[in-house]
Amino acid sequence: MLESSIHHIGVINIKSLRDYILDNSLNEDDTITLNQRDFDALALEYRRIYNEGIDVPFYLLRVLIKEDETLRVHVGKIKVIKNDEERDYEDYLNIKEDLDTQFKYDNIYRCGYCGNIVDFDGKEFSDDTRKFKIGILEKFEKTVKQTSVHGACCRDRQ
């Protein structure tokens, strides 16, 4: 059954949409439509962060994000269509399986003294895990949060 509703989420950007999708447990059968201005701003933000154009159709956490063609969604609001029956089979084929994107908004912990990548409690990682975390940091430097902690690597410093 098709169920749609309009919600005010304020400033629409990649993070606010991601948070909304996660908080409301949206899935690949759901669609979010945006006002044309909000969609254009989202496309510009995507270009600025990732240095490439947005793919259309655009998916965020497997949820289709598209421009509102009915002109009923106002700026700062989204229309959520649960179990969107108007989605085409091809829409599901276009969903990319990029496992790395799940780390876009991770929190990376660094030693406050030397800057080493460490665990949340300051413990050092194995070489493989450390290289993986550095890769996430390099790939998503604009969206990953970096938090300073007292690292075990510098535990003797005051």
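Attention in this report is confined to the structure presented alongside it. (Residues numbered from 1 in each chain as written. Predicted model: local features only at pLDDT ≥ 70, side-chain atom pairs only at ≥ 80, totals over all residues. Heavy atoms only, no water.)

## As for the pattern of salt bridges
So, point 1. Scanning the model with the defined rule gives five salt bridges in all.
So, point 2. In this structure, Asp19 engages Arg18 in a salt bridge whose closest nitrogen and oxygen atoms are separated by 3.4 Å.
So, point 3. Asp19 sits in the partly exposed class, given a relative accessible area of 26%.
So, point 4. Where Lys123 meets Asp121, a salt bridge forms, and the shortest distance between an N and an O atom there is 3.7 Å. (Salt bridge = Lys/Arg side-chain N within 4 Å of Asp/Glu carboxyl O. Buried < 20%, exposed > 50% of the residue type's maximum accessible area, 1.4 Å probe, protein only.)

## Focus: the packing of aromatic side chains
Each aromatic ring pair is specified by the distance between its two centres and by the angle formed by the two planes.
So, point 1. In this structure the tally under the stated criterion is two aromatic pairs.
So, point 2. Pairing Tyr46 with Tyr50 gives two aromatic rings, centres 4.8 Å apart and planes at 50°, and the pair type is tilted. Of this pair, Tyr46 and Tyr50 both sit in helix H2 (residues 36-50), four residues apart, which is roughly one turn of the helix. Per residue, the accessibility class of Tyr46 equals that of Tyr50, and both read buried.
So, point 3. Ring geometry for Tyr46 against Phe58: centres 5.6 Å apart, planes inclined by 75°, an arrangement best described as edge-to-face. In this pair, Tyr46 sits in helix H2 while Phe58 sits in strand E3 (residues 58-60), placing the two residues 12 residues apart along the sequence. Grouping residues by exposure puts Tyr46 and Phe58 together as buried.
So, point 4. Among the aromatic residues, ring-to-ring pairing joins Tyr46, Tyr50 and Phe58 into one connected group. (Phe/Tyr/Trp six-rings, centres within 6.5 Å; stacked < 30°, edge-to-face > 60°. Helix = DSSP H or I, 4+ residues; strand = E, 2+ residues; numbered from the N terminus.)

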